[in-house]
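Residues per chain are reported as follows:
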Amino acid sequence: MAVSTAAQEVGLKRGEFAIAVHLGLIRLMVPRDGGRPMVGRDEIERLRSQDGFPEALRERVRTVGTAEGARRLGISPDRFTRFARAGCLTPITFYLNRYRAIVWLYLADELTRFAAREPQLLTGRSPGWLRDRLEGGADCRAGNWRSRRVERLLSLTEDPWARVAVLADTLDPVQLAEVVDDPYERAYLARLRPEPAFGPTGPVWARETMAHLMRADEPDELLWRRVNLIMELDNAREVRSAPRPGGDRRAFPSPASERAPAPDPRADADADADADADARSRSRSGPESDLVPGAPASVPPGPCPGPGPVHAPTGAAVPVVGLLARIGLRRRTSREANRRQPPQGRAPFGA
């Protein structure tokens, strides 16, 4: 059945159902052709057979905001926000208010476990490491939410290219083009981009906010995402190649060969005779390099320009470019491009 029908069957709202899918409480069936995900009827029966259904399931996906979360922990909303910004609490989802500001939501069950696990943080003065982190301007809410979402999406698929598509969503188009330099591969990753359980919903600016939050924005996280993307991309290329328009071009003749006439055996024989005569005349007149003034007799071919890999013939020994070297090369290239371009101001979020 469709996910909207399944949500009604188990008594959950759309947002609660999406969180249940994200937490792995409800399993979806994703068609191989990339259609809309479905829910098996046996999965609905499994949920109904659990103890305390549906209240227990609804309590596991219940979310709270800053005010209610602070009341649950017995602290002020300001202290709750400080914990979230320092990375002690990880949001599960968010929504945009009427001012298009991000409002983070937290699992009520996780807050209860946090209070039982860290009671010393709820009373007294905050520890030094937390104060130092906040004084440095840290805000881990978006990064923790992004990491949680990426890890969950990776755990839901074993297809190598689908895993690359999940990690590709964490980079902006410029960063992605530096790592995945093949445009056909980037188009394939765009087709495999994971969608929410209910598909793209909401206004365009809300979907743009979702895409903005999915992208890494800290230098350490950017480096980490690039490393993981390169490793997953190398693995996917070994398993299979990304589809290209027209399939295998080697199986089809080129337009020039279709218009070329069939070779004449007699013409080939005459050409061979002429070549032999030219060779005998060159041997009498001197070395072949004398025909081109200033050209050396033997010139080794130079390296191919550009940062892309050099494909050597089969059996030839080529140096293996390591992972760190590939990242360092692309980081140097991006720094050089930034030096060539004048700095631009960043527009405020939501503008």
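As a starting point, this report considers the structure included with it. Keep in mind that this is a model prediction, so the values were computed, not measured.

### Brief notes about the overall build of the protein
Assigned secondary structure in the protein consists of 17 helices and three strands. Split into buried and exposed, the 351 residues of the protein put 29% on the buried side. A separation threshold of at least 6 residues defines the contact pool for the protein, and within that pool the share at least 24 residues apart is 71%.

### So, the packing of aromatic side chains
All told, the structure shown has six aromatic pairs when counted by the stated rule. Look at Trp-104 and Trp-145: their rings are 6.1 Å apart centre to centre, the planes differ by 55 degrees, and that puts the pair in the tilted class. Separated by 41 residues along the polypeptide, Trp-104 in strand E3 (residues 102-107) and Trp-145 in helix H9 (residues 141-155) bring together distant segments of the chain. The two residues Trp-104 and Trp-145 agree in class, both being buried. Where Trp-161 meets Tyr-188, the ring centres are 5.6 Å apart and the plane angle is 65 degrees; that geometry is what we call edge-to-face. With Trp-161 in helix H10 (residues 160-168) and Tyr-188 in helix H12 (residues 183-191), this pair connects stretches of sequence that are 27 residues apart. Both residues of the pair, Trp-161 and Tyr-188, count as buried. Taken together through their ring pairs, the aromatic side chains of Phe-94, Trp-104 and Trp-145 make up a single cluster.

### A look at the pairing of strand E2 (residues 93-96)
Burial along E2 is one-sided: the face carrying Phe-94 and Leu-96 is buried and the face carrying Thr-93 and Tyr-95 is not. Between E2 and E3, which pair antiparallel and follow one another directly, the connecting turn spans five residues, one of which, Arg-100, has a positive phi of 60 degrees.

### Focus: the nonpolar core
Taken as a class, soluble globular proteins show a tendency for nonpolar side chains to be buried jointly. The biggest cluster of nonpolar side chains holds 47 residues, and the ones touching the most others in it are Phe-80, Phe-83, Leu-89, Phe-114 and Leu-229. Top contributing element to this core by residue count: H10, with six residues. Other than its neighbours up to four places away in sequence, Leu-229 contacts Val-164, Leu-167, Ala-168, Leu-171, Leu-176, Val-179 and Val-180. One finds Ala-6, Val-10, Ile-19 and Ile-92 within the second-largest nonpolar core, a separate group that totals 19 residues.

### Regarding the sheet that holds E3
With antiparallel pairing, three strands are arranged side by side in an open sheet as E1-E3-E2. The sheet is open, and its two borders are formed by strand E1 (63-64) and E2, each paired with just one other strand. Bridge analysis of E2 against E3 gives four bridges, and the strand direction is antiparallel. Counterpart to Phe-94 in the pairing with E3 is Trp-104. Strand contacts of H9: E2 and E3, with the helix running at about 55 degrees to E3, the strand carrying the most contacts.

### As for unusual backbone geometry
A cis amide bond links Phe-53 to the next residue, Pro-54, at an omega of 0 degrees. For Pro-54, the location among the structural elements is in the loop between helix H3 (41-48) and helix H4 (55-60). Non-glycine residue Arg-100 carries a positive phi angle of around 60 degrees. Along the polypeptide, Arg-100 turns up in the loop between E2 and E3. Assessed through its relative accessible area of 39%, Arg-100 is described here as partly exposed.

### Side note on the packing of H10 against H12
Interaxial distance between H10 and H12 falls to 9 Å at its minimum, and their mutual angle equals 90 degrees. The orientation of H10 with respect to H12, classified from their angle, is roughly perpendicular. Touching Trp-161, Val-164, Ala-165 and Ala-168 of H10 are Glu-185, Tyr-188 and Leu-189, all from H12.

### Some words on H3
For H3, every residue scored as buried is listed here: Glu-43, Ile-44 and Leu-47. Looking straight down H3, one finds its buried side chains confined to an arc of 100 degrees; they lie on one side. When the buried face of H3 is taken as reference, the exposed residues oriented beyond 90 degrees from it are Arg-41 and Asp-42.

### Concerning the pattern of salt bridges
For side chains of opposite charge, pairing can occur when their charged atoms come near one another. Evaluated as defined, the whole model comprises 18 salt bridges. Between Glu-68 and Arg-62 there is a salt bridge, with the nearest N and O atoms lying 2.8 Å from each other. Since its relative accessible area comes to 26%, Glu-68 is described here as partly exposed. On the basis of relative accessibility, which here comes to 33%, the residue Arg-62 falls in the partly exposed class. Each of Arg-146, Asp-217, Glu-221 and Arg-225 takes part in one network of salt bridges that share partners.

Reading guide: rules and limits
Residues numbered from 1 in each chain as written. Predicted model: local features only at pLDDT ≥ 70, side-chain atom pairs only at ≥ 80, totals over all residues. Heavy atoms only, no water. Helix = DSSP H or I, 4+ residues; strand = E, 2+ residues; numbered from the N terminus. Buried < 20%, exposed > 50% of the residue type's maximum accessible area, 1.4 Å probe, protein only. Contact = heavy atoms within 4.5 Å. Phe/Tyr/Trp six-rings, centres within 6.5 Å; stacked < 30°, edge-to-face > 60°. Pairing = 2+ DSSP bridges. Core = buried A, V, L, I, M, F, W, Y, C linked by side-chain atoms within 4.5 Å. Axes fitted to C-alpha atoms, helices over the stretch in contact; angles between N-to-C directions. Parallel < 35°, antiparallel > 145°, perpendicular 65-115°, else oblique. Arc of directions from axis to C-beta. Salt bridge = Lys/Arg side-chain N within 4 Å of Asp/Glu carboxyl O.

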